Structures are given as C-alpha cells and as structure tokens.
Protein chains: 2
Amino acid sequence: MRDRVSTPAPVALSSVELRDGFWMDWRRRLGETTLDHVADHLETSGRFDAFRRLGGNPDVGIVDGGGDAKVHKWLEASSYLLNSMEDTTPQSRVETVVSQLVAAQSDSGYLVTDILLGDDEPWTNLTQDHELYVAGHLIEAAVAHATATGEERLLNVACQFADLLVETFGPDGIQGYPGHPEVELALMRLYELTGDSEYLDLASYFIDERGREKSYLAWEVETHEDIGVELDVHPDGPYDGRHRQDHRPLREQTTPEGHAVRAMYLFAGAAAVARETNDESLTAALERLWTNTTTRRMYLTGGVGSSYHNEGFTTDFDLPNETSYCESCAAVGMVRWGQAMFRLTREATYLDVVERVLYNAFLASLSLSGDRFFYPNHLACTGGDHPHARVPEDAWHSYSPPSYRREAWPGIACCPPNVARLLGEFPRYLFSQAERTVYVTQYAESQLKTEIDGEPVDITVETDYPWGGTVSLTVTLDTPTMFELCLRIPRWCENPRVTVDAESVPVTSDEAFIHIDRQWHDGDTVDLHLPMGIRTLGAHPAIRADTARVALARGPIVYCIEAVDNPYPPSQLRVDTESTFEAVERPDLLGGVIALTGSAAVRVANESDDPYQPVAGTHEETVDVTAIPYYSWANREFCEMVVWLHEATSSRFDP
Amino acid sequence: MRDRVSTPAPVALSSVELRDGFWMDWRRRLGETTLDHVADHLETSGRFDAFRRLGGNPDVGIVDGGGDAKVHKWLEASSYLLNSMEDTTPQSRVETVVSQLVAAQSDSGYLVTDILLGDDEPWTNLTQDHELYVAGHLIEAAVAHATATGEERLLNVACQFADLLVETFGPDGIQGYPGHPEVELALMRLYELTGDSEYLDLASYFIDERGREKSYLAWEVETHEDIGVELDVHPDGPYDGRHRQDHRPLREQTTPEGHAVRAMYLFAGAAAVARETNDESLTAALERLWTNTTTRRMYLTGGVGSSYHNEGFTTDFDLPNETSYCESCAAVGMVRWGQAMFRLTREATYLDVVERVLYNAFLASLSLSGDRFFYPNHLACTGGDHPHARVPEDAWHSYSPPSYRREAWPGIACCPPNVARLLGEFPRYLFSQAERTVYVTQYAESQLKTEIDGEPVDITVETDYPWGGTVSLTVTLDTPTMFELCLRIPRWCENPRVTVDAESVPVTSDEAFIHIDRQWHDGDTVDLHLPMGIRTLGAHPAIRADTARVALARGPIVYCIEAVDNPYPPSQLRVDTESTFEAVERPDLLGGVIALTGSAAVRVANESDDPYQPVAGTHEETVDVTAIPYYSWANREFCEMVVWLHEATSSRFDP
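Reading the values: the criteria
- Residues numbered from 1 in each chain as written.
- Chains lettered and ligands numbered in written order.
- Predicted model: local features only at pLDDT ≥ 70, side-chain atom pairs only at ≥ 80, totals over all residues.
- Heavy atoms only, no water.
- Domains from an automatic or database assignment.
- Contact = heavy atoms within 4.5 Å.
- Buried area = accessible area lost by both parts, 1.4 Å probe.
- Salt bridge = Lys/Arg side-chain N within 4 Å of Asp/Glu carboxyl O.
- Polar contact = N/O pair within 3.5 Å; in protein donor to acceptor, adjacent residues only side chain to side chain.
- Nonpolar A, V, L, I, M, F, W, Y, C, P; charged D, E, K, R; others polar.
- Pairing = 2+ DSSP bridges.
- Helix = DSSP H or I, 4+ residues; strand = E, 2+ residues; numbered from the N terminus.
- Axes fitted to C-alpha atoms, helices over the stretch in contact; angles between N-to-C directions.

1. Let's talk about the domain arrangement of chain A
A common way to report how large an interface is uses the accessible area buried once the components associate.
Residues and elements named next belong to chain A.
Then step 1. Taken domain by domain, chain A consists of domain 1 (19–210), domain 2 (249–427), domain 3 (431–529) and domain 4 (534–647).
Then step 2. The partner domain 4 presents 11 residues to the four residues of domain 3 that form the contact.
Then step 3. Ranking the residues of domain 3 by area buried against domain 4 places Pro466, Trp467 and Trp492 at the top, with a combined share of 95%.
Then step 4. Our enumeration of links across domain 3 and domain 4 arrives at zero salt bridges.
Then step 5. Applying the counting criterion to the domain 3 and domain 4 interface returns one residue pair in polar contact (both at pLDDT 80 or more).
Then step 6. Across the side of domain 3 that touches domain 4, the residue classes break down as four nonpolar, no polar and no charged.

Take a look at the structure:
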C-alpha cells in the first residue's frame, strides 16, 4: 500500500469510533435494520441468484440478472460495519456473497451478470449498459472489504476486473468511457489502496475522452440502431451528450448538465484525479462547476438535480419544490464530490456543503425505521393522493413513479444500498489528516485514534451536535506532541467562540477553520461554542419557486412544516419575517428532535361560491405552528409538507 | 322544423349582426386568416384526401384517414361565416368539401374515414375509436351548414348517419355509448332542427347507459385485449372509467372527473336533454357538478382541467399555474355547458362563467395573428427554454408536447378548428329569447333583428365593452310592443346603473338580470353603466398555487404580466394589495388594449455566493409595472408571464 500524500485524507474507518448521539442512532439502525432489509430484497429479486447461477449453482431458478451494483453497494455498506458490529450475522452473509462473486467471475476477469447471462456482448453498448458502473461499485466494495477484513478474496476479484479494464480501454483498445460515470472514482480508490498507477491512468483516460467533438458515445449512438437515447437527443438536433456529461470536455464545462448522479460521480472522480496529478485546468473546471452547482442549482437542503424529466439539471435557479427531484443517490454523490474537493483544495467551503447535504437532502432519504426510502426527495408535498394530481407520474421511467411516500423498495433500487454505504462510511467524514495537521471536518460524538510523527494521538469529541453547538475536544497522548488542530467553523454560524485549556482564542467569524498549532499535552481540552440561532432564510430572487417565501434553519438542520403538527395546511401559513421562533426539545417526537415553534397567519376563506374574490374583503387569523427537521418528514401519516413558507403579507385587514 | 320551446334559446345567427368592436376584430381574423390556415393544414395533412379516396378519387395518394372531426369542425366554423362574409372563397371551398363528404358516405350511412380505410370493424372499440365523436361533429357541421345555406346536402349525410346510430344503438342493439362524448349534444342540435324525437331518445340513452355498475366500456376493456386504456385504470385496481366519466351514472356524479373535454361535452349534452325532458334528477346532478367545477376546479381565467397527465381534473383546489392544462377545447366545452345551463335554468350565474371563459381562457388560445394556437393554456410561463426544464414534456401524449409557445398546428389538432367554430358561432351568445322575453346575455357592438308576437323588433347595442362598461341599447319597431328586456349584470360589477329613456331604474347590485317589462316604442333607449374598477383578487385559501398572491382584473378581463413589458421578471414582483393600479388606453399595444400600470416591489439579490441568506439582510426596490390582458399574452417575444403576483410582504427593511 502506498504512502499518504500531503493533502488531507479522510482517516481510516478503523481509527474512528462513533459514540452515542445523533449519528450513532442512524448507524445503529443501519446495522440492525437497513442492511438486512436491503439484502432480503436483493435475495427475493434474484440479484444474488444471478451470481449463484454464473457460479454453476444448478438450484437457482430464473434470474433476470442485472443490478449487480446493488449487490456491490450492499457489500460495501456491510463491510464498513464489519469491524464495528458485535453481531456476526452480517459478516457471514457478506462472506457467503463474496464467495459467490469469486465463483461467478469469468476467466477474463469480467463480471457483469446481465451481460454474461444475456444476449449482449461485453462493451458493445457503453452508452446504456452499466458495465463500467458495475465494475466501479465492485471495486469500491472490494476496497472497503479488504480494508475492513484484511482479507483479499474480493479485492482479487476487483483487481482482475480492473486489470481487464486497463487491458481493454485506452488508445490501443476501446477508446470509450462509461455511459454512467462511477468507475473513475472507484479506480482512484483502488489506486490509493494499491498504488498501481495504471488505475490512475485509466481514470484519467476516461475523464479526458469524454465529451470530445466526435465522442465515442456519439459514435455508438449514431452507428448502433438499438441504442435509444431519448434524453441525449436535443429536440433540435442529433446526439447531444448532455445527459451523460458527454457534450464537451470536462475541462470546458461550466455548468453541471444532464443526469445529476452521473455528474456528481464524474466530478468526484475527476477531483481525485486532479489531486493526484496536480491538474490545474481540471481543478479550475471543477471549481467552476462547483460554484455554479452550489450557487444556482442546489436546493437549501443540498439536493441537486431538479427535474423528473432527466433526473437531473435544467437551468440556473430552476428549483421547483413540489416536483424537486433531488435523487438520494445524487446527494450521496454530492457528499463525495464535496469531500474530494476539500481534499483537493483544503478549503472549508466544500465541507459546509457536505454538512448541508448530510443533515438534510441525504438523511431525508431514509426513514426513521431504517427500512423505507425516498428515491426523489421533495421540498414540498401536496399531500393529495389523486392518481392524476400534480406529481408527474409520467416521468421518464414509468417503472419508478415519483412519489411523496417512502417505499420499501423503489422500482429502480439504486438508492437504498447507496444510502446504506454512505451511512456505513460516515465516520470517515468526521476527521481528515494531512501529515501533522488534523482537521475536524464534521462534528459528532466520537473518538479519533491516530498517529502524528509516529506518536499515538487520541482526540475525543463530545457534543450534542446537531441539536446543540457545544463541542468539547480532549487530547490524549503519551508524550507532548506538536501538531495542528483545525476546527471547522460552519458557515451558518455567527460569533463562534473557542477556548483552549479554558483560554479564549480569537476567532473572526469569516474564518472557515480555526487553526490551533501548538504543542499538545495529555488532557488538553478545546471547547468550541457554535451559537445556534434560528435563521429565517430567503432565497436568491431568481429562484422563482421561493419568491416571497422563507425557510427556517437552526445549526445545520433545515426545518419543514408538516400538516400533522399544525392546525392549517402548511401551504397556507404565512410567517412574519420578524417574528420569533423558539427551539423546543421534543424527546417524544420523531426519535427525539429540537422542534421550532412560533406563529403564523392564515387567510380565512370567504363564504362565497366564487373562489376568486377581491382580496380587500378577506381576513387573517394567527395560529401557533410547529416545524420539524426536514430529514424527519414523511415518517408519520401521509400529509402536506412545505420547507418554504409564505412570508406574511402587508395586507392590513380586520381580523 | 319544430317550435321553439319556452326556455331561452340562443337566437339564430342570421338574426344577429356583429358590428365594429372587440369581437368583430376577432371574427374578421377568423374569416380572413384562421379558416384558411386550418383548411390548408387539413389539406396538407391528408384529412380531405381521406374523404376523396372513399369517394373514389384515384388521384389521391396515401392518406392516414382519421381526424374527420377536424374537417367537420372546420365545416361548422365556415358555415357560420357563410352569410356574413362577402368573400366567396370559403363558400366554394365549403361546397367542394361537402360534395366530397356526400360521395364518401357508405350506403349504410356510416362515415368515419379511419375505420372505413383501416382494419377495424365499426363499433368494435367504442372506448378508443372516436366514431361517435366524429358523428357528432358531422351532425353539428350539418346543422350549421343547413341553417346558414338552407341547403340540405350535408344535413342529409348527417341524418343518414344519425339514423344509422338510432338503428345501431339501444336496448335492442349495441348497448354502448361513446368513449368520447360529443354526439349527445350534437343529437340535441339535430333534434332541435328536425324535431325528430329519435335523436333526443338516443342522446338520453347514451347519457343513461354511461357509468352503470357493469358498464359497456368496462366490458370492452376487460374483454378486448387490444384496448389499452392506461388512464382508465386506477393504480389500485382494474378499469376505473373516470377518464371517460364512466365511473358512475351521471345522475350520481358530484365532481367532474377525468378528461376535461369529455366531461364538458357530456355535461353540455346532458343539460340539453334535461331541458327537453324536464329531468329533475339530471338537472340536480348538473347543478352539483357545475358548483364543484366552478368553485373548486376552475382557474380565474375560466380554464378547466388542471393536469397534463390526463388532460383533465384532479382534486379540489389543485390548480397549479405553470403546468395548468386548461385545454382550449375544454374552454369551448365549458362555454357550451354554461350556455346550456342558462337555457335550462334561466339563471345568470351560468352566463357570468361563460363570460369569464370567453374573454380569458378561450381567447388566449388563439394568437392575435389568427394562425397560432395554444392547446394547453398556462397561467404562468417560466420563460425558460431548456429541454428538461419544468414543463412536463413527457406528458401522456408525447406527440403533443406541452408548450409555452403558440403552435401553427399542434400534434393533436383538435383545438384550432374548435376555437374557430366557437368564434364563428359567437354572435349567438349575445342574445337569447324565450317567447316575449329577450335576454342580452353578453355585451358587444351588435344588432338583433327578431320578432315578438309576430312584430319585427330590432335592438341595437352600442358599447366599447370589454374596455368600457357603457352599453346603450336602442329599440326599433313599427308598432309599440310589449316585451321584457333582460339585461345581465355581470357579477364582477358593483353599483351598476341603468336608465330607460333617460329615467333611472332602481337596481340592486345582487340582481343578476335587470328586467324591463313594458310597452316599447320606436327609438326607446336603455343606457346601462357597468363601472369597471380594477379588482385586486385573491384566491380561495385552499388553492395552494395562489396563496399569498393576487391577480388583477378589470371588467371581464383578467390581466397578466409579461417580462417584455417590465424591468424585472414578473415572478419576482410583489404587489401591495392596497396599491393603486391605473387603466391606460394603449391603442399601440397588442391590437389595442387597456393596460394596467402600477408599482411593485422586488427583492434585490445579495452579493453572496450562497443563494440562501438570512432574509433580514435583504432589501427591496420599487418599480413600475405594466399588466396586459391575459388573452393577449405570448403574442410577442417568448418570455416569462404570470397571472398571480406575489402579495407585497410585511418585511420592513432598509431600501
């Protein structure tokens, strides 16, 4: 394995321990419920059987193949828990599936069941077949598995497949690249683990080939009659490529286009390549893309990809709430891209976005019960249940109808195991380290065990984040050690305070990291106080859907209002921007949350049979309202929900 | 021809003359542009050729048949102009097409080209084949043509077809009814013209058979494998029937369901049947349906059918603006239903809705140039032009992509000739008569020539309606005559005033008709003054899309704001509900309109890279804005538009 480079790398999972608290609850549910739930569905839908059949098991019935990536994602997620779960059930199930994969792999190293069991030849439809995407997820699973177990059976499968890719693709082979990016970032993980530069080179190659004037995928589409790529064809012309980020070279792209998950994965992989290769033009492109994404195409929750039509991007500021798409997988990809950008640049702004996505767009995708999922994530729910009501049921894949209801297993089930693997890997997002600098990147009740200049250093974090903004860090070490501790100041925070061994350290509020570079002694403490006021937020005026509306946030948590907690439908509430909301501890509610309470106005209906009346004849009532964390919505009865509330209006009518 | 019954019948077209003014402009464009434009498209798309081929013309190339209804609608529209146009071109084109229809009719009387030229047997798929719908439009065209010309060639074709229907359908024949209603109202027109009660009986039969527990269409769908009726199948079960108003008997329906055009045509036909048969339960059902439609499922513009998914109805108050469907044909149907309800009940409330639809939802569907059409009609346009932007391009018929742009000829071209025929028939909507009572139902510069008790009576109407509310009526007659003149007071009007021969007549403002029953002398005048204040309207609180928004209206005209007239995108404007707008004559604008001018606030963007900022840090500017009549939108450059403006908010920030 190769040496750590001097950019801040996420720490190894084995060196972080999550302790009680917010994230521990989620991760416990992952181990106790979600992983088995996913595995059960993989079993009943024949996903494991596809491998068993290739492995020569004569007892397997008809299997439809395909969907290998779901198995790999489940393997990856499970691997992250292997060392942290006392129950051995996941381990034995994992080892059984690993054995099945080993047996199923073809001699060439190729392992994609729907191709091996189907009629297509490998690599003949890179545009639509997800072979390279599947390979990427296999590689990620293998890296996680080998890292967790020290055991290389799955890693060998992945390396053989990766070696086949190296052999197959490139200037002397197929000059193509994936129709769905993912393998790029996977190859970079494999490269980090093995140090084999062929994997880096192949990732670079895939990134550079994409979007050329006569691109490989364009050639495929134009010459293969059976490739139907509706979403790649611009209404006014032939193949467009936008859906697969194949419309121009990545270095020349300025806005994220097309399918959001594809874009996030590509950008995350490219950021890893740029870091390893010190590629300035690639870095500049990614910074441009990041700026456009986060300032013009991202929801308050951190969700991206606003359209059902293409599961992806449309135009700047086009962020409808009731039909927000915000695919859960895109949130996973956004977290990974942000983390990769931080590693590339050391800038905290990327971590702010990672935090926004984690606590909102990402967590909303999984039910509090751990076994229900959102594929698209809406910022408003009409609550209506009519089959023809406004939810565009006729979105491009009719087999996965958009829904305001959580599903046990969506028609396309990419999201459930994807959510699982990010939760599994979550502790790695808490700390990063670059030689003698330790970054605390996200705050959670946890302990880091690392080494600095060969000396063991423990850092214990105690906090009730995200409900409270007090973070206490204690350093434990054998001998006094010089190192730099960098504490992230979330951008939402005004007036942070920090003390080191009870002595105040000056902080300016635009500082993104507090750098404490000193000789540390055993028992030294750092106390960080991040005041969590309730923020009444407005959106950029060009975001049509949010004009004259406000949203509530506290700390990293975005709030929403559900009908079940309130006397009037949330869509009718009007909040005075100068009114005061209060934070209220509600251990009884939704697994324990801080709710916000305050008042709002509602317009009262006229007693008239004409629904359109002079507004001067109407009047308002004031009602108490309760807001809950956005991530916790849709865990009770089906009802209306809004994130963006109307601002109270200037009308002054008689009550 | 049979005697007029004592309910108020629309007057004959030949007895009304439109004079200069608002509607004359539209009708002139109809004769000069629209009808030829439609006929040219019917020619190039092979619609006329289908009849020519059946008539044995060997020179006709490949025709796809189908779409006969478009030809019939064009014939109907053209017939309405035959006596009023000096140019003889339409007449010769009409007579040529009539000859082709005569030659094409089969011996049985059947005449539907796509069946006769295709593989299907007649009457084997009432659910989807539009045979009865086509028959209905043929009948309507024939009634219009015979009435206009006194010539019965086309009427004979229609009667032969209608007689075949009488023979074919009923307790002793096919116990079915149309998958797309229309023939019911057409049969009633034929019955009114001919007095043949078999047509009334068949219309009644079609209405009564629909929606039975084991309905005929349900039987078709369940037994015919080739009938795919996605929209009739409820997600949770088998055939549902809602899309075709076949889910329960019409007498038991309480809300309009399914496809809006089908519903409107059915209800219009049923109202005519109820009138002729004095059917109380049918009348009660129609009144219930009307109340639900107009108080909970209708846009401010009078548009109905809010969903792209089914071109139809969803749930109460589900009236989104950017994806409002409001099919133009549904507006035509709504006008006809309203007029039929007035005739059934003599109540003016129905005419108020007819007025709302005519000046807004209906007129918006035709461009000021007369040759561009909207199929769906939106109450807001995002202006965005991205292929994946929010317009649901993947609505159920992909061949007619929803659009914010007017089209020369939509993929499904039901609307263009339908709009044409309502414009053609328009003068009949101005007056109704029941024996010695004359109703002035809509106001336009016009003259009615009628008879009362055998005495000729002329009523001349001078007005600048809809721009001004002054209406002067002059009675011309040979001998003093007793009759009742009923003048409609539009519901939007407060404090109407009326004088008869300069003497004031007391009016209470909740009076829907002013009844003036007296002996009239030649030269008597009535002056009606309907003050047209600018109304700032709010919507029912349950209409989610309009909460905290207002719309502007003046007289019967609903206004909208287009980006091209304003310094900021209309979606960003916030209007103080207490601010004053002014009516401004703009002869230069959009063919001459009254525009509204006033001021609005806009929130100014922060100079921050985070699009979500504490609202307390933002500030507003005040700008001048101009609103135009909704019907005139999308006649200039493609840009954003809104009908519903944000109310100004209570935030009081530094400017």
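2. Some points on the pairing of strand β18 (residues 582–586) of chain B
Residues and elements named next belong to chain B.
Then step 1. The pairing of β18 with strand β19 (residues 593–604) spans five bridges and is classified as antiparallel. Paired with Arg586 across the bridge in β19 is Val593.
Then step 2. Between β18 and the antiparallel strand that follows it, β19, lie six residues; Leu590 among them carries a positive phi value of about 55°.

3. Thoughts on the environment of Met532 of chain B
Residue and element names in this part refer to chain B.
Then step 1. Take Met532: it is sitting in the loop between β13 (525–529) and β14 (534–539).
Then step 2. Linking Met532 and Gly469, residues 63 residues apart in sequence, is a C-alpha distance of 6.1 Å.
Then step 3. Not counting the four nearest positions on each side in its chain, Met532 is found in contact with Tyr465, Pro466, Trp467, Gly468, Gly469, Trp492, Arg554, Gly555 and Pro556.

4. A short note on the sheet that holds strand β10 (residues 497–500) of chain B
Residue and element names in this part refer to chain B.
Then step 1. Strand order in the open sheet formed by seven strands is β2-β6-β7-β8-β13-β10-β11, with antiparallel pairing between adjacent strands. Since the sheet does not close on itself, it has two edges, and those belong to β2 (16–18) and β11 (503–505), each with one partner. Across the sheet, the axes of successive neighbouring strands diverge by a mean angle of 20°, strand direction being ignored.
Then step 2. Across seven bridges, the pairing between strand β7 (residues 455–463) and strand β8 (residues 470–477) is antiparallel. The residue of β8 that forms the bridge with Asp458 is Thr476.

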